[in-house]
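Structural overview for review
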Amino acid sequence: LYNAPGVNAVGIAANQVAQLYRIFVIDCHYSKDQKQTYRPIIMINPEIIKTSEEPSTIMEGCLSIPQQFAEVERPKSVRVQYLDIDGKIQEYEAQDLESHVIQHELDHLNGVLFIDHLSRLKRSMILRKLDKLRRESSIL
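Throughout what follows, the structure given in this document is the object of discussion.

The rules behind the values
Residues numbered from 1 in each chain as written. Predicted model: local features only at pLDDT ≥ 70, side-chain atom pairs only at ≥ 80, totals over all residues. Heavy atoms only, no water. Helix = DSSP H or I, 4+ residues; strand = E, 2+ residues; numbered from the N terminus. Buried < 20%, exposed > 50% of the residue type's maximum accessible area, 1.4 Å probe, protein only. Contact = heavy atoms within 4.5 Å. Areas by Shrake-Rupley, 256 points an atom, 1.4 Å probe, with all protein chains shown as cover. Pairing = 2+ DSSP bridges. Axes fitted to C-alpha atoms, helices over the stretch in contact; angles between N-to-C directions. Core = buried A, V, L, I, M, F, W, Y, C linked by side-chain atoms within 4.5 Å. Polar contact = N/O pair within 3.5 Å; in protein donor to acceptor, adjacent residues only side chain to side chain. Salt bridge = Lys/Arg side-chain N within 4 Å of Asp/Glu carboxyl O. Expected span 1.5 Å × (residues − 1).

Quick look at the overall build of the protein
Looking only at helices and strands, one finds 2 helices and 7 strands in the protein. Evaluated residue by residue, the protein yields a buried proportion of 36% over its 140 residues. Contacts in the protein between residues at least 24 apart in sequence constitute 56% of all its contacts with a sequence separation of at least 6. Here the protein has roughly 8800 Å² of accessible surface; of this, 50% comes from carbon and sulfur atoms.

The following block contains the structure:
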């Protein structure tokens, strides 16, 4: 999470690092530029138990789809139930960016990418850009 290339990563799901567990880690307070202290939240077997009806649109990107970003609409707030690192049931309420990050990482655990929330046209444009990047670079 903290060593991710490019912009500040704020979350990572276990399956993004080849671990087939229902776990993700988020840290919406970390900034590479400010060298703030780490404040990770580890969520095991997370489940959204409540969402707001009010929508929020935030620019999202993903380590799984490098250098591609798009505005994604999601509920503005969520309440999530999960197990903490000690195996205790916790509930957490998140809004705005933190809400988006939780939903984004939970999507990963369910096999969904942020581009799956876009229109067919926007998704196609991003996939074409990604294909071009792959052809031009041996990194991807």
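Some words on the sheet that holds strand 6 (residues 77-83)
Pairing within the open sheet is antiparallel, and its 5 strands lie in the order 1-2-3-6-7. The open sheet is flanked by strand 1 (11-13) and strand 7 (89-95), the only strands paired with a single partner. Looking at each pair of strands side by side, their axes are set apart by 40° on average, direction ignored. Note that strand 2 (residues 23-26) and strand 3 (residues 41-51) share 4 bridges and pair antiparallel. When the sheet's bridge partners are listed, Phe 24 is paired in strand 3 with Met 43.

Let's talk about the nonpolar core
Across soluble globular proteins, nonpolar side chains have a tendency to be buried as a group. In this structure, Phe 24, Ile 26, Met 43 and Ile 102 are the most contacted members of the largest nonpolar core, which totals 14 residues. Those elements that provide at least two residues to this core are strand 2, strand 3, strand 6 and helix 1 (96-109). The element that contributes the greatest number of residues to this core is helix 1, accounting for 4 residues. Residue contacts for Ile 102: discarding those within four places in its chain leaves Phe 24, Ile 26, Met 43, Val 78, Val 80, Tyr 92 and Ala 94.

Considering the environment of Arg 123
Structurally, Arg 123 is set in helix 2 (residues 120-136). With 53 residues separating them along the chain, Arg 123 and Ala 70 place their C-alpha atoms 9.1 Å apart. Beyond its immediate chain neighbours, meaning those up to four positions away, Arg 123 contacts Ile 115, Asp 116 and Leu 118. At 3.3 Å, the side chain of Arg 123 forms a polar contact with the backbone oxygen of Ile 115.

Things to note about the pattern of salt bridges
If charged atoms from side chains of opposite charge come close, those side chains can pair. The tally for this structure, following the rule as stated, stands at 6 salt bridges. Across the salt bridge formed by Arg 74 and Asp 107, the nearest N and O atoms sit 3.0 Å from each other. With a gap of 33 residues between them, Arg 74 in strand 5 (residues 65-75) and Asp 107 in helix 1 connect regions that are remote in the sequence. The class of Asp 107 is buried, set by a relative accessible area of 14%. Across the salt bridge formed by Asp 131 and Arg 134, the nearest N and O atoms sit 3.8 Å from each other.

Focus: helix 1
Spanning 14 residues, helix 1 covers 20 Å between terminal C-alpha atoms, matching the ideal 20 Å at 1.5 Å per step. Most of helix 1 is tucked away: 12 of the 14 residues are buried. Those residues of helix 1 that sit buried are Glu 98, Ser 99, His 100, Val 101, Ile 102, Gln 103, His 104, Glu 105, Leu 106, Asp 107, His 108 and Leu 109. Just downstream of helix 1 lies Gly 111, where phi reads positive at about 75°.

Here's the deal with the environment of Thr 51
Inspection of the secondary structure puts Thr 51 in strand 3. Among all residues touching Thr 51, those that are not within four sequence positions of it are Pro 75, Ser 77 and Val 78.

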